[in-house]
Amino acid sequence: MDISNYVANFHFDEKHAAAFENADVSTIDLLTIDVEDLEKRTNCKKDELIQIIQQVTLLLRPKRKVASQIKQSFLTTGDLVLDQKLGGGIPVGQLTEVCGESGSGKSQLCMQLCIMAQLPRAFGGLNKAAVFISTESGLETKRLFELAKYIPDRFPEAEEGDVFIRNPGDRVYTILCPDLESQEHIIQYQLPILFQRESIGLVVLDSVAANYRAELKYNRSKSHYTDLNNIAIRGNQLGKLASILRDLSRQYEAAVVIANQVSDRLTRDYDAIGLFSLDYQSQWFNGWDDLDPNPKIPSLGLVWTNNVNTRLALIKRADSATVKARRILRVVYSPNAARIDVPVLIGSMGIFVPKEEKDASNPLF
Ligand SMILES: Nc1ncnc2c1ncn2[C@@H]1O[C@H](COP(=O)(O)OP(=O)(O)OP(=O)(O)O)[C@@H](O)[C@H]1O
């Protein structure tokens, strides 16, 4: 019986476990097949089966809170104007995706957040450790130290000792997942244990698409998955990944930030395909529309898009090749903020909103 894939700590009594095993009944069978048919297949009593089905259904039901119980908290990005544009910062208890092309600054933002998570709550931090799960290359510790060195510049009103982090690497757990199998194992089994043992405020997954692209058949020439079976497998895996991360983020009040890659988006003739086509409609949740000079599509498709609470896009600007790299940080969708483009720079201190934009956006800054 595969119940442990869905619910931790659910144990059938020996009699029912053996009956389900012998009859090859999966959790999905249990919840979808008529009780009478299950009765015949397993030789278990109907009322006992109904009781088990009710227990499993209850455990699988999303744990909802009423509005008065929900107190949304945020992790600071380290930039007050950026936090303001994001509706408070990076939401705790939710999944935030940062997508963008190679070199757009996804890893820079992720590393920056690993530092911010360690800050005291008075400065928008969570006073907790971060977990940095990478799928392609390890964490750049040198850059992490550089980002930490500049924290006092971000909080000029603070006493230096209050925001100084001597060894930022001490509270960043790094895990490398070179393939999908290790990624699934780490996220399903090792990450929950780390949460139980340590005070974790942020999980970064950099980047989510790499292992799926590498292991499921991918037709580069057409830039889409050709094998329908693989699409179904991938959808299932992505749903499970998001569900584990979401549960951990809610249970332990942590932020989860996932870097995602993008591929090129072809502009279409909407007169031909119609305004109700997915291609046309997806401009609003993909992040790039046809007016953008180099429109892109975030990887992993609609199933993944539906699992992410907030999507941010980092977009390179034409003059990107200057000392301080210029980018647009776009809020594509979010429960906390409206869609907006925020001009940002990447410099030694990390990602920040330049002063002229701060002055223009809010005279108080
Ligand atoms: N110390 C620094 N000073 C200024 N800019 C920097 C610094 N370090 C990195 N950058 C900028 O960040 C960019 C790299 O960003 P990053 O590695 O986060 O990209 P990415 O989106 O994660 O790319 P990939 O998907 O290839 O990993 C560089 O191109 C550069 O513009």
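Our subject is the structure listed above.
Let me begin by describing the structure that accompanies this report. Quick caveat, the model's predicted, so the values are computed rather than measured. (Residues numbered from 1 in each chain as written. Predicted model: local features only at pLDDT ≥ 70, side-chain atom pairs only at ≥ 80, totals over all residues. Heavy atoms only, no water.)

### Examining the packing of helix 3 (residues 35-42) against helix 4 (residues 46-60)
Step number 1: For the pair helix 3 and helix 4, interaxial distance at closest approach is 10 Å and the crossing angle is 115°. Classified by the interaxial angle, the pair formed by helix 3 and helix 4 is roughly perpendicular. You can see that helix 3 and helix 4 cross each other, and the crossing is right-handed. Residues V35, E36, L38, E39 and T42 of helix 3 touch helix 4, and the partners they reach there are K46, L49, I50 and I53.
Step number 2: The residue inventory of the contact of helix 3 with helix 4, partitioned by class, reads five nonpolar, one polar and three charged. (Axes fitted to C-alpha atoms, helices over the stretch in contact; angles between N-to-C directions. Helix = DSSP H or I, 4+ residues; strand = E, 2+ residues; numbered from the N terminus. Parallel < 35°, antiparallel > 145°, perpendicular 65-115°, else oblique. Left-handed = near helix turned anticlockwise from the far one by under 90°. Contact = heavy atoms within 4.5 Å. Nonpolar A, V, L, I, M, F, W, Y, C, P; charged D, E, K, R; others polar.)

### As for the environment of L245
Step number 1: Within the secondary structure, L245 sits in helix 12 (residues 228-251).
Step number 2: Among all residues touching L245, those that are not within four sequence positions of it are L95, I187, L191, V203, V256 and I258.

### Points about the side chain of T76
Step number 1: One can find T76 in the loop between strand 1 (74-75) and helix 5 (80-85).
Step number 2: Residue class for T76 comes out buried when judged on its relative accessible area of 4%.
Step number 3: One polar contact links T76 to D83, side chain to side chain, over a distance of 2.5 Å. (Buried < 20%, exposed > 50% of the residue type's maximum accessible area, 1.4 Å probe, protein only. Polar contact = N/O pair within 3.5 Å; in protein donor to acceptor, adjacent residues only side chain to side chain.)

### So, the packing of helix 1 (residues 14-22) against helix 4
Step number 1: It is the contact of helix 1 with helix 4, at a shortest axis distance of 12 Å, that shows an interaxial angle of 90°. Of the possible angle classes, the one that applies to helix 1 and helix 4 is roughly perpendicular. Contact residues: K15, H16 and F20 in helix 1; E48, L49 and I52 in helix 4.
Step number 2: Across the contact of helix 1 with helix 4, the residue classes break down as three nonpolar, one polar and two charged.

### Observations concerning the packing of aromatic side chains
Step number 1: Enumeration over the complete set of coordinates arrives at four aromatic pairs.
Step number 2: For the ring pair Y280 and W284, a centre distance of 5.4 Å and an interplane angle of 70° mean the geometry is edge-to-face.
Step number 3: W284 gets classed as partly exposed once you look at its relative accessible area, which sits at 47%. (Phe/Tyr/Trp six-rings, centres within 6.5 Å; stacked < 30°, edge-to-face > 60°.)

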